[in-house]
Amino acid sequence: MKIQLFFAKFSLKHPFIIKTLSVIFSILAIIGLLILSFIAFFVICFNIAAKEYTDVKDYNKAKNSICEKDFIKHFPKEIPNNAADIQLYKNANPFFGSEKILLVFKIDKKYINDEINKIKPIKNIGPYSNIKEYKDNYVKGIIFNSYSFDQTNFKFYIIGDNSINKSNFHLEYGIAVNDKTNQILYYYAVLD
């Protein structure tokens, strides 16, 4: 009771101090809310971008989570109905600016030839007959790091890389085809 009486008398004697303190506390509360909102936004955005996708049912979610949409225009809008042995892998490390997405499946030669004819590759590389040749190439070594499909005999049709995009990152995107197994691989990788 004595404390309440003290504050009542103090506020009557010094109204300017009370108003100033309430303005300062209001401003601090608004700044605190802005900081918390920014942190929440940052966490939500990075959580979405950093999510790893391996389930083929999440193909559209995986594509939509890629930051640089221009580099995945060559990916199919939908996975073809007659595709077999479909594998998807997408992951990112937004803090370091790296992300990659791969989609590989078996399909008929006509589909593969149509896809190759749609793109304008800047260069073709391969096919490599053994996995060591991929590992000697930094980007392809990372792209093929520990995947469960046979990685030999893919010929790469590179649509874009560092030479075009002038980035400081190891960047490459395109299509790779294995004529022996009728597999097509869509890939995009930017590595820190």
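How each quantity is defined
Residues numbered from 1 in each chain as written. Predicted model: local features only at pLDDT ≥ 70, side-chain atom pairs only at ≥ 80, totals over all residues. Heavy atoms only, no water. Patch = residues over 30% accessible without salt bridge, like charges linked within 9 Å, V, L, I, M, F, W, Y side chains within 5 Å. Areas by Shrake-Rupley, 256 points an atom, 1.4 Å probe, with all protein chains shown as cover. Salt bridge = Lys/Arg side-chain N within 4 Å of Asp/Glu carboxyl O. Helix = DSSP H or I, 4+ residues; strand = E, 2+ residues; numbered from the N terminus. Buried < 20%, exposed > 50% of the residue type's maximum accessible area, 1.4 Å probe, protein only. Core = buried A, V, L, I, M, F, W, Y, C linked by side-chain atoms within 4.5 Å. Contact = heavy atoms within 4.5 Å. Phe/Tyr/Trp six-rings, centres within 6.5 Å; stacked < 30°, edge-to-face > 60°. Polar contact = N/O pair within 3.5 Å; in protein donor to acceptor, adjacent residues only side chain to side chain. Pairing = 2+ DSSP bridges. Axes fitted to C-alpha atoms, helices over the stretch in contact; angles between N-to-C directions.

## Considering a nonpolar patch on the surface
And step 1. Taken together, V23, I27, I31, L33, I35, L36, F38 and I39 make up a surface patch of nonpolar side chains, about 790 Å² in accessible area.
And step 2. Inspection of the secondary structure puts I27 in helix α2 (residues 15-50).
And step 3. Note on I27: relative accessible area 45%, which makes it partly exposed.

## Looking at the nonpolar core
And step 1. Membership of the largest hydrophobic core comes to 28 residues, with the highest contact counts inside it found for F75, I101, L103, F105, I184, Y186 and Y188.
And step 2. Apart from residues no more than four positions distant in its own chain, Y186 is found in contact with H74, F75, P76, I101, L102, L103, F105, Y111, E115, G174 and I175.
And step 3. Membership of the second largest hydrophobic core comes to 10 residues, among which are Y89, F154, A176 and Y187.

## A few points about the packing of aromatic side chains
Aromatic ring pairs are defined here through the distance separating the ring centres and the angle between the ring planes.
And step 1. Here the structure, examined in full by the defined rule, presents 6 aromatic pairs.
And step 2. On the numbers, 5.7 Å between centres and 35° between planes, the contact of F75 with Y186 is tilted. Linking F75 in the loop between α3 (59-64) and β1 (84-93) with Y186 in strand β6 (residues 183-191), this pair joins segments that are 111 residues apart in sequence.
And step 3. Aromatic rings pair up to connect F75, F105, Y111 and Y186 into one cluster.

## Re the side chain of E99
And step 1. With respect to the secondary-structure elements, E99 resides in strand β2 (residues 98-106).
And step 2. In terms of polar contacts, E99 uses its side chain to reach the side chain of Y188, at 3.3 Å.
And step 3. Discounting chain neighbours no more than four positions away, the residues touching E99 are S65, I66, C67, E68, N91, A92, Y188, A189 and V190.

## A word on the sheet that holds strand β4 (residues 155-161)
And step 1. An order of β1-β2-β6-β5-β4-β3 is seen for the 6 strands of this open sheet, with the pairing classed as antiparallel. Of all strands in the sheet, those with a lone pairing partner are β1 and β3 (123-125), marking the two edges. Within this sheet the neighbouring strands show an average axis-to-axis angle of 15°, counted without direction.
And step 2. As paired strands, β3 and β4 are joined by 3 bridges and run antiparallel to one another.

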